[in-house]
Amino acid sequence: MKYRTIGTGPHSRRVSVLALGAMLFGSVTDEKTAFALLDRYTEAGGNFIDTSDNYAFWTDGGQGGQSEELLGRWRRSRGVGDELVFATKLGARPLAPGTSYTDNPEGLSAKVIRESSERSRERLGLERLDLLYAHIDDPTVPQQETVEALGALVAEGTVGLLGVSNQAVWRVERARALAAAAGLPGYEVLQYQHSYLRPRSDVPDDLFPNGSLGHAGAEHAGYLRAEPALTLVAYSPLLRGAYTHPQRLPHDYDHPGTPARLAVLHEVARETGATPNQVVLAWQLGHELPILPLAGVSSLAQLEENLAAVDLELSAEQRARLHAAH
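Residues numbered from 1 in each chain as written. Predicted model: local features only at pLDDT ≥ 70, side-chain atom pairs only at ≥ 80, totals over all residues. Heavy atoms only, no water.

### Examining the layout of surface pockets
Consideration 1: Of the volumes computed, that of the second largest pocket is approximately 780 Å³.
Consideration 2: Along the wall of the second largest pocket there are 34 residues; nearest its centre are His 194, Ala 216, Gly 217, Ala 218 and Ala 221.
Consideration 3: With six residues, the single largest contributor to the lining of the second largest pocket is helix H6 (residues 218-226).
Consideration 4: Looking at the lining of the second largest pocket residue by residue, the class counts come to 16 nonpolar, 12 polar and six charged. (1 Å grid on protein atoms, 1.4 Å probe; cavity = no way out; pocket = protein on both sides within 12 Å on 5 of 7 lines; lining within 4 Å. Points joined across faces, edges and corners; volume = space filled by probe spheres on them. Helix = DSSP H or I, 4+ residues; strand = E, 2+ residues; numbered from the N terminus. Nonpolar A, V, L, I, M, F, W, Y, C, P; charged D, E, K, R; others polar.)

Structure follows, in structure tokens:
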């Protein structure tokens, strides 16, 4: 395994370059399988595990919490201490069963931030959340309130680093500016969807009526270059299996640039003797920008494939071809 540092100051952490997504642990992925995956990931040197307080509410029409609860059971059964880094999120938990984050989210008020973070710590069995993300934006709450509430948790020692996901870059920067002006810790980790294939950003959905804010695009790249203390954690780097099963490719990737990039990706895979999934992960891991792929798996075979990508080295020429395809 290889490692890099996220965050700055006293709460910075050294994490494995491949993060493990636990979104479906305890729901679609049963406990026995999830425990085996966690055991193998940590045995291989992985120490960066990602979840959320709303995972996976959509599997049973509830409010989530299954993933955090399973991770808490696994931690206790294995005697895990602070050698592992656990990241969780709040803000997108449905307030009632049968609802969703698009119509009834918990939001980012000071009250929610305190109460939800306490519930997450209890489920995970942690005195401190190593990394806490604002999962989605909440335009109904003044950003100053959100910034101050998150900063209070860091000051109290119940949260280490702060992160943000699925928000417009201008909103992220405004929150960071408010935090800096108040002498409070700001967001240092960005979690957005990022992969080798590029989606259309103008396709609306229920959460983003003007087009997706959940994909890391040109603005994020420029932001990361301008702010070297930031790190991008890339969720869904393998597009939920679409590189192996093309029929799973999301509709917003259906545009003229996709076939050209897929052709080069498969060329490089043949040249290296690796799978397309491994080339995608290696492309991210060796990127000029600080990108940490966050991959979810449901089998040991998938996990082994991903772990092997950590040691896959792409040549400068291969990277240039991958970059140039459009």
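### Side note on the side chain of Asn 166
Consideration 1: Here Asn 166 lies in the loop between strand E7 (159-165) and helix H5 (169-181).
Consideration 2: In this structure the side chain of Asn 166 is engaged in a polar contact, spanning 3.1 Å, whose partner is the backbone oxygen of His 135.
Consideration 3: Within the structure, Asn 166 has its side chain in polar contact with the side chain of Ser 165 (distance 3.0 Å).
Consideration 4: In this structure, Asn 166 is in contact with His 135, Ile 136, Asp 137, Gln 191, Tyr 192, Phe 208, Leu 213, Gly 214 and Tyr 235, ignoring residues within four places of it in sequence. (Polar contact = N/O pair within 3.5 Å; in protein donor to acceptor, adjacent residues only side chain to side chain. Contact = heavy atoms within 4.5 Å.)

### Brief notes about helix H7 (residues 257-272)
Consideration 1: Compared with an ideal rise of 1.5 Å per residue, which puts 16 residues at 22 Å, H7 spans 23 Å between its outermost C-alpha atoms and is within 8% of the ideal.
Consideration 2: Turning to H7, its buried residues are Gly 257, Thr 258, Arg 261, Val 264, Leu 265, Val 268 and Ala 269. Down the axis, H7 shows its buried residues gathered within 140° of arc, on one side only. Exposed residues pointing more than 90 degrees away from the buried face of H7 are listed as Pro 259 and Arg 270.
Consideration 3: The inward-facing, buried residues of H7 contact helix H8 (276-285) and helix H10 (316-324). (Expected span 1.5 Å × (residues − 1). Buried < 20%, exposed > 50% of the residue type's maximum accessible area, 1.4 Å probe, protein only. Arc of directions from axis to C-beta.)

### Topic: the sheet that holds strand E3 (residues 19-21)
Consideration 1: Read around the barrel, eight strands follow the order E3-E4-E5-E6-E7-E8-E9-E10 and close on themselves; strand pairing throughout is parallel. Sheet twist, expressed as the mean angle between neighbouring strand axes with direction ignored, is 30°.
Consideration 2: Note that E3 and strand E4 (residues 48-50) share two bridges and pair parallel. Each residue of the ladder has a partner; that of Gly 21, found in E4, is Asp 50. (Pairing = 2+ DSSP bridges. Axes fitted to C-alpha atoms, helices over the stretch in contact; angles between N-to-C directions.)

These results come straight from atomic positions and should not be treated as a statement about function.
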